[in-house]
Amino acid sequence: MTSPSDTRAATATAQEEVAHPQGFPAGSLPIGREITGRILPPLVALATVFVLWWALYLVFPRLLPGPLSTLHEAVRLLSEGTFLFHMYQSLRRVFVGSIVAMFFSVAVGIYMGTVVMGERFFQPLVVLGLTIPGLMWSLIAVMLFGINEIAPYFAVAVTIFPMLVINIWAGVKALDKELIDMSHVFHFSPWMKISQVIVPQLVPNIFAATRYGLGLAWKVVVVVEMFGTSNGVGYQVMKAYQIFNMEAVIAWTLTFVAAMILIEYGVINLVERRLTAWRPKVEVWRR
Amino acid sequence: MAQLLVKGAEKWFRREDGRPLKILDRLSFEAREGCVTVVVGPSGCGKSTLLNVIVGLEPLDRGELVFLNNARELPRRPLIGYVFQSPRLLPWKTVGENIALALKGAGVDQREREGRVHRYLELVGLKEFVNQYPLYLSGGQRQRAGLARALAIESDLVLMDEPFASVDELTARQLRQTTRHLCEQLHRTVLFVTHNLAEAAYMSDFVVALTERPACMAEYLANPLPSPRQWSPEIYGFAAELESKVTLKEEGDL
Ligand SMILES: Nc1ncnc2c1ncn2[C@@H]1O[C@H](COP(=O)(O)OP(=O)(O)OP(=O)(O)O)[C@@H](O)[C@H]1O
Ligand SMILES: [Mg+2]
């Protein structure tokens, strides 16, 4: 028994196949299902947070600022000329620090996963690094480098490095031996083995590490900015705190979170989908 | 003329508890140039280990491997094509890219690669799937892509480890035919592992029969059937002859 909408969906898929003779999945659904399937769930999640906040505000009106007045403050910030400047400063620090950490952690992670001596050497260092709080690194970085751009880069890179390494090291240990043997049999060069066989298998780990790393990096950047720079979101939050303006503190936080969510959906998700186009979609709970 | 000599090969593995486990026991045979030599033996006797030793994935504990080209001994292990039991294609690369990478590893010029990819995909009947990812192919198609990759590097020697054991019988029959014809046509030296005696009878020019683990040579037979090979009742006759000489441990392996 097929309903008309099923038939339409089937026709649409057939047309897609004609439009893509190579048969790559086009990754797009009919527009109605696109909205219910992909856009609605995250919106519902955000709305839930908002509703909870509102409910709390109604119960304890003096404890925390209301969602509306905070939103108002956020809109005022956005219309201010300096907003983009501070946002840009913080985002730059997050990204430069993360990219440096990512670069080193991929190298060290692969080394640890493939060379026994590498694992023995780096494992205690990674465990040690995991236990040192980002706040410590922020203080140390500012004391070491003074008030300049090196301090936040250093603090971010050093704080998130151990977390990234753990992720990538775990991925390397789960590498498919059969494919590596295959690359050996067909005389792949070491560089071909890394770039064509090893790193593609680490893509899920690299994305998990990126998401985790960016979240952690922003927390470190804000701390450094509170006492180690004279611009950026952290600096603005500190200023708002000094005049006890809770609306501004939350508004700055919200705008930064919004920026990170935009990056997650606008960049990371797209790149990930692009890089995993070779994998047919899995539907575990079929409807 | 021989392409590969295996002389007194011995191989041990270490068990979980540390005791040694002998896999290959003074195994000697040759793979003739331009011929398909089929290695048959019971499951677990060490056939895959033998191929892994030849290709250099495992070291040999005693004995030697001699690679020859026109009766001259090669100084080092040459490039060897390998069709694995599972296709072992890189799933994030298209079929064409998978073959091109093997060609790059084999030192084939960038300009020549594309032509070769197309030529060999056409030979195995996968021409229109060059830009397809392996996970969107059927099992038999993937196995054919693996076959194209092993042949495309144009090595002197090609190893095949039960390449059709995991595809259904009808597809396997087609693939055997394709493979046998390609090997005859391209004059490749092939070492083909199987535990299917009918397959051995159809594919082989020579048959090396191994004993149970530790594997040593039980029989070395020349296939009396003519080449180019056709499916004919005589194949089952030769398979029956093989069966009388080889004892496979499991019943119903055929
Ligand atoms: N890395 C290893 N370490 C220890 N023992 C091994 C290892 N690899 C294989 N073996 C053992 O060596 C024996 C031969 O294995 P091999 O894979 O060569 O068998 P096979 O003849 O290819 O069998 P099949 O026909 O089932 O593929 C098996 O008993 C196996 O348990
Ligand atoms: Mg085997």
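Residues numbered from 1 in each chain as written. Chains lettered and ligands numbered in written order. Predicted model: local features only at pLDDT ≥ 70, side-chain atom pairs only at ≥ 80, totals over all residues. Heavy atoms only, no water.

A. Structural view of the state of the cysteines. Tallied over the full model, the rule gives zero disulfides over all chains. Counting only cysteine sulfurs, C183(B) is the nearest neighbor of C35(B), a cysteine outside any disulfide, at a range of 11 Å. (Disulfide = S-S within 2.5 Å.)

B. Broad picture of helix 2 (residues 31-59) of chain A. Across its 29 residues, helix 2 of chain A extends 40 Å between first and last C-alpha, which sits within 8% of the 42 Å expected from 1.5 Å per residue. Approximately 45° is the largest bend angle found in helix 2 of chain A, and it occurs at L40(A), with the proline P41(A) only one to four residues beyond. (Helix = DSSP H or I, 4+ residues; strand = E, 2+ residues; numbered from the N terminus. Expected span 1.5 Å × (residues − 1). Bend = angle between axes of the 7 residues up to and from the residue.)

C. Summary view of the site of ligand 1. All names here are of chain B. Lining the immediate surroundings of ligand 1 are 13 residues, of which S43, K47, S48, T49 and R213 lie closest. The contact in question runs from an oxygen atom of ligand 1 to an N or O atom on the side chain of E162, over 2.9 Å. Bound to the protein, ligand 1 loses 64% of the 640 Å² it would expose on its own. Broken down by secondary-structure element, the contributors of at least two residues to the shell around ligand 1 are strand 1 (2-14) and helix 1 (47-55). Counting residues per element, the shell around ligand 1 draws most heavily on helix 1, which supplies three residues. When grouped by side-chain class, the residues that make up the shell around ligand 1 number three nonpolar, six polar and four charged. (Near = heavy atom within 4 Å. Polar contact = N/O pair within 3.5 Å; in protein donor to acceptor, adjacent residues only side chain to side chain. Areas by Shrake-Rupley, 256 points an atom, 1.4 Å probe, with all protein chains shown as cover. Nonpolar A, V, L, I, M, F, W, Y, C, P; charged D, E, K, R; others polar.)

D. How the structure looks around the interface of chain B and chain A. Contact residues are listed per partner, giving 29 residues for chain B and 22 residues for chain A. Here chain B packs against chain A, burying approximately 2400 Å² in sum over the two surfaces, 69% of which is carbon and sulfur. In terms of surface lost to chain A, no three residues of chain B exceed R88(B), W92(B) and Y136(B), which account for 28% of the buried area on that side. Across the chain B-chain A interface, the total number found is one salt bridge. A salt bridge links E178(A) to R88(B); the shortest N-O distance between them is 3.6 Å. Of all the elements in the fold, those that place two or more residues in the side of chain B that touches chain A are strand 6 (80-83), helix 2 (95-105) and helix 4 (139-152) of chain B. Of the residues that constitute the side of chain B that touches chain A, the class distribution is 19 nonpolar, six polar and four charged. (Contact = heavy atoms within 4.5 Å. Buried area = accessible area lost by both parts, 1.4 Å probe. Salt bridge = Lys/Arg side-chain N within 4 Å of Asp/Glu carboxyl O.)

E. Representation of the sheet that holds strand 4 (residues 62-69) of chain B. Residues and elements named next belong to chain B. Pairing is antiparallel in the open sheet, where four strands are placed in the order 2-1-4-5. The open sheet is flanked by strand 2 (20-32) and strand 5 (72-73), the only strands paired with a single partner. Of the strands in this sheet, strand 1, strand 2 and strand 4 are in contact with helix 1, which crosses strand 1 at around 115°. (Pairing = 2+ DSSP bridges. Axes fitted to C-alpha atoms, helices over the stretch in contact; angles between N-to-C directions.)

F. Layout of the pattern of salt bridges. Residue and element names in this part refer to chain B. For the structure shown, the criterion picks out 28 salt bridges over all chains. With a closest N to O distance of 3.5 Å, E58 and K11 form a salt bridge. Of this pair, E58 sits in the loop between helix 1 and strand 4 while K11 sits in strand 1; the two residues are 47 residues apart in sequence, bridging distant segments of the chain. Residue E58 is classed as partly exposed on the basis of its relative accessible area, which comes to 25%. Classification of K11 as buried rests on a relative accessible area of 3%. In this structure, D25 engages R26 in a salt bridge whose closest nitrogen and oxygen atoms are separated by 3.2 Å. According to the relative accessible area criterion, D25 is buried, its value standing at 11%. (Buried < 20%, exposed > 50% of the residue type's maximum accessible area, 1.4 Å probe, protein only.)

G. Region of interest: the domain arrangement of chain A. Residues and elements named next belong to chain A. Taken domain by domain, chain A comprises domain 1 (4-59) and domain 2 (67-275). Every contact between the two is made by eight residues of domain 1 and, on the other side, nine residues of domain 2. The contact between domain 1 and domain 2 buries some 640 Å² in all, and 83% of this surface belongs to carbon and sulfur atoms. Interface area lost by domain 1 to domain 2 is led by F50, W53 and W54, which between them contribute 64%. The interface formed by domain 1 and domain 2 includes zero salt bridges. The interface formed by domain 1 and domain 2 includes zero residue pairs in polar contact (both at pLDDT 80 or more). Grouping the amino acids of the side of domain 1 that touches domain 2 by side-chain chemistry returns six nonpolar, one polar and one charged. (Domains from an automatic or database assignment.)

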